[in-house]
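Residues per chain are reported as follows:
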Amino acid sequence: MAAQALAQPAGQLAVIDLTGPLRVDVSYGELGSMVDALARYLLTRIQPGDRVGVLLSQSPWCVAAHLAVWKVGAISVPLFKLFKRDALASRAGDAGLQFVFTDTEGSDLLGDLAEAVLVDQVGLAGGEVAFAETLPDTPAVLIYTSGTTGSPKGALHGHWVLTGHLPGVAISHDHLGQPGDCLWTPADWAWIGGLFDVAMPGLALGVPVVAARLDKFTPEACADVIARGDVRNVFFPPTALRMLKAAGQGLDGLRSVASGGEPLGAEMLAWGKRRLGVSINEFYGQTECNMVASSCGADYAPRPGCIGKAVPGHTVAVLDDAGQATAGEGDVAVRRGSPSMMLKYWNRPDETAAKFRGDWLITGDRGIWEGEYLRFVGREDDVITSSGYRIGPAEIEDCLMTHPAVATVGVVGKPDPLRTEIVKAYVVLKPAAQVTAKELQDHVKTHLAQYSYPREISFVEALPMTVTGKVIRKELKARAAAEMLL
Ligand code: ATP
Ligand code: MG
């Protein structure tokens, strides 16, 4: 995988570093020297298959660190700079980390959890390091899930994982690799969405990648990075899009925008056309098996509520309870052999076994085909059963988002003795906006179905979020269940 990411001519631009006051352009040749410096450090200290942490924000050193670990046949473990001590400790312990490539800030965070290796202090002088011999399924990267539904699980991927991402990344950016393309994401590279939807595919496809640090995402800072880096292609997590939209911040000069990780909805797609001037291409995947479905504005327009079509290289199916393909709603599954599919969960044989059914990886998400498009119904645990109806929260959230007073919303099922569950919405209003629960209920009733309107609405200041910016529904559900007992 390291060879694949470094395969462009030495003089070609690889990373545009905007982390300091001045823009620094890093070529593939320079990046290769950084990789060799770190690989030389590892060669005498670790064995193939050992895990090495990478605790670095977006930067040329961050990609160099992963590439060095892969070059010597070890397994890199991306770690997030915003992790607190417990989050770092649980991952360092689970992964069995001895060394972590980091900077002084990261070294302070780590304390005695593992040996901190300061990347900019490893000498650059020395010879080239040979690429270790690896097969597609030789373990390369151990990457943790977002922890939206429970404690984060480490998904172990082979060297094939980058190949598995390339078609979906290209498609979701309307054929990434056009002259002038330049790729960026505000998401940290410690997540699969940053590392394998942006940083590594950019390198592998020869599209310059912008490294910038937004300690806090703000619409102004985002617009500034896009202007300074001549960014043309962005992967925005939905939460970033919601913040841009709420602030009324349009962006100019973009050729493609991709998004995934949470449902987007019709309102956001329409806004993207208006204020970003592009179709927001929604894609779908998970840390365990990513980039398996996508839309592509250039060829097949995104359809609201859908996550696009299956991406070439991945066989995606909707299965019924008996494991047979169904035309109705069922489990979204991906056939074994998909190159972006994890080898297993690290240290979790029972969870690994439960994740697969025969030839299929069961995503835990529910979907239904609409021709070749896959409609996202909801995470299995989030689908609401009310008076015998099965209701996906995404559709109701999307509908509420179309109301001008609503900034953001989380919909969950609240236990109900009569109806099994009722639809409950937690709504954050836009600053100074005023609306009654009844008005919002009527809004849903007139746009969706009588049975799916939220019987209860609570107005809240903010929704609980993961560090990756996803709404933690588990917490909303717990809140709703606790309200039952009051
Ligand atoms: P955990 O598995 O730890 O609970 P997580 O599932 O949020 O956390 P990720 O692997 O980052 O961790 O996210 C994958 C999940 O995100 C998918 O299984 C799906 O539920 C959701 N998702 C991804 N893309 C989309 C999309 N386009 N629309 C709706 N949901 C999506
Ligand atoms: Mg998951």
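Going by an unreviewed UniProt entry, the protein chain carries the name AMP-binding protein and comes from Parasedimentitalea psychrophila. The UniProt entry for the protein chain carries the following text under Sequence similarities (unreviewed entry): "Belongs to the ATP-dependent AMP-binding enzyme family."

> How should the site of ligand 1 be read in this particular structure?
Residues in close proximity to ligand 1 total 21 residues, the closest being Gly147, Thr148, Thr149, Thr287 and Asp365. Measuring from an oxygen atom of ligand 1, one finds a side-chain N or O atom of threonine 145 at 2.6 Å. A distance of 2.7 Å is found between an oxygen atom of ligand 1 and a side-chain nitrogen or oxygen belonging to arginine 379. Surface burial for ligand 1 is 95%, taken as the share of its 630 Å² of free accessible area covered by protein chains. For the shell around ligand 1, the elements supplying multiple residues, two or more each, are strand 13 (280–286) and strand 21 (373–379). A per-element tally of the shell around ligand 1 places strand 13 first, with 5 residues. Broken down by class, the residue content of the shell around ligand 1 amounts to 5 nonpolar, 10 polar and 6 charged.

> For this particular structure, what's the right way to read the domain arrangement of the protein chain?
It is common to give the size of an interface as the accessible area lost on bringing the parts into contact. Considered domain by domain, the protein chain is made up of domain 1 (2–374) and domain 2 (381–483). Computed over C-alpha atoms only, the centres of domain 1 and domain 2 are separated by 30 Å. Between domain 1 and domain 2, the contact holds 20 residues from the first and 16 residues from the second. Inspection of the region where domain 1 meets domain 2 yields 1 salt bridge. The shortest N-O distance in the salt bridge between glutamate 329 and arginine 390 comes to 2.9 Å. Here domain 1 and domain 2 share 5 residue pairs in polar contact (both at pLDDT 80 or more) between them. Looking at the side of domain 1 that touches domain 2, the elements that each hand over two or more residues are helix 9 (238–246) and helix 10 (266–276). Take the side of domain 1 that touches domain 2: its biggest share by element is 3 residues, from helix 9.

> Help me understand the confidence of the model for the protein chain, please; the structure alone is not making it clear to me.
Low-pLDDT portions of the prediction should not be read for the details of their coordinates. The predicted model of the protein chain has a mean per-residue pLDDT of 94, with 100% of residues at 70 or higher. Predicted as a complex, the structure gets a pTM of 0.92 and an ipTM equal to 0.99.

> Just to check I follow, could you spell out the UniProt feature "domain: AMP-dependent synthetase/ligase" (unreviewed entry) in the protein chain for this structure?
If you check UniProt for "domain: AMP-dependent synthetase/ligase" (unreviewed entry), the listed places come out as residues 4–346 in our numbering. The straight-line gap between the two end C-alpha atoms of residues 4–346 is 25 Å; of that span, 30% is helix and 22% is strand.

> Sorry, what's going on with the side chain of lysine 309 here?
Here lysine 309 shows up in strand 15 (residues 309–310). Within the buried core, lysine 309 has no salt-bridge partner, and the shortest N-O distance to an opposite charge, that of glutamate 372, equals 4.0 Å. Leaving out residues up to four positions away in the same chain, lysine 309 has contacts with Val292, Ala293, Ser294, Tyr300, Glu372 and Tyr373.

Rules of the game
- Residues numbered from 1 in each chain as written.
- Chains lettered and ligands numbered in written order.
- Predicted model: local features only at pLDDT ≥ 70, side-chain atom pairs only at ≥ 80, totals over all residues.
- Heavy atoms only, no water.
- UniProt positions renumbered as here; feature names shortened; annotations may be inferred.
- Near = heavy atom within 4 Å.
- Polar contact = N/O pair within 3.5 Å; in protein donor to acceptor, adjacent residues only side chain to side chain.
- Areas by Shrake-Rupley, 256 points an atom, 1.4 Å probe, with all protein chains shown as cover.
- Helix = DSSP H or I, 4+ residues; strand = E, 2+ residues; numbered from the N terminus.
- Nonpolar A, V, L, I, M, F, W, Y, C, P; charged D, E, K, R; others polar.
- Domains from an automatic or database assignment.
- Contact = heavy atoms within 4.5 Å.
- Salt bridge = Lys/Arg side-chain N within 4 Å of Asp/Glu carboxyl O.
- pLDDT = per-residue confidence, 0-100.
- Buried < 20%, exposed > 50% of the residue type's maximum accessible area, 1.4 Å probe, protein only.
- Lys, Arg positive; Asp, Glu negative; His and termini not counted.

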